[in-house]
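So the chains spell out like this:
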Amino acid sequence: MIFHNPSGAPELACEQCGCRWFDRMHGTCYECGSQVPAEAIAEFDRALQAFWAKNTGKEGSASVPGARPPADA
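All values reported here derive from a predicted model rather than from experimental measurement.

Structural notes on the packing of aromatic side chains
Link 1 in the chain: In the structure shown here, the tally under the stated rule is 0 aromatic pairs.
Link 2 in the chain: Over the ring of Phe-3 we find Arg-20; its NZ or CZ atom is 5.0 Å from the centre of that ring.

A few points about the pattern of salt bridges
Link 1 in the chain: Counted according to the given criterion, the structure contains 1 salt bridge.
Link 2 in the chain: With a closest N to O distance of 3.2 Å, Glu-11 and Arg-20 form a salt bridge.
Link 3 in the chain: Judged by relative accessible area, Glu-11 falls into the partly exposed class, the value being 24%.

Reading the values: rules and limits
- By convention here, each chain's residues receive numbers from 1 onward along its written sequence.
- Thresholds applied to this predicted model are a pLDDT of at least 70 for local features of residues and 80 or more for the giving and counting of side-chain atom pairs; totals over whole chains, interfaces and linings are not thresholded and use all residues.
- Neither water nor hydrogens contribute to the side-chain values; these are computed over all heavy atoms in the structure.
- Each Phe, Tyr or Trp ring, with Trp reduced to its six-membered ring, pairs with another whose centre is within 6.5 Å; inter-plane angles below 30 degrees give stacked pairs, above 60 give edge-to-face pairs, and intermediate values give tilted ones.
- Counting as a charge over the ring demands two things of the Lys NZ or Arg CZ atom: a distance within 6 Å of the ring centre and an angle within 35 degrees of the ring normal.
- Definition used for salt bridges: Asp or Glu carboxyl oxygen within 4 Å of a side-chain nitrogen of Lys or Arg.
- Burial classification: accessible surface area is computed with a 1.4 Å probe over protein chains only, and a residue below 20% of its type maximum counts as buried, one above 50% as exposed, and the rest as partly exposed.

Nothing here speaks to function; it is geometry throughout.
In structure tokens, the structure reads:
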């Protein structure tokens, strides 16, 4: 499930409980322990790429701490 924060950046949320906190080492939701499906991660990656593409070149373009920008950025 993808949410968009107030700046328009996508955020991945748990399909089961809606929590947006994940244990990235184990690929599970901190709230309910559900496994994050690969399809959800791929959907989030596509949404993040679209967000970066839309905001490329704008002053103060969004950066996501810990995330890697697209190779062509």
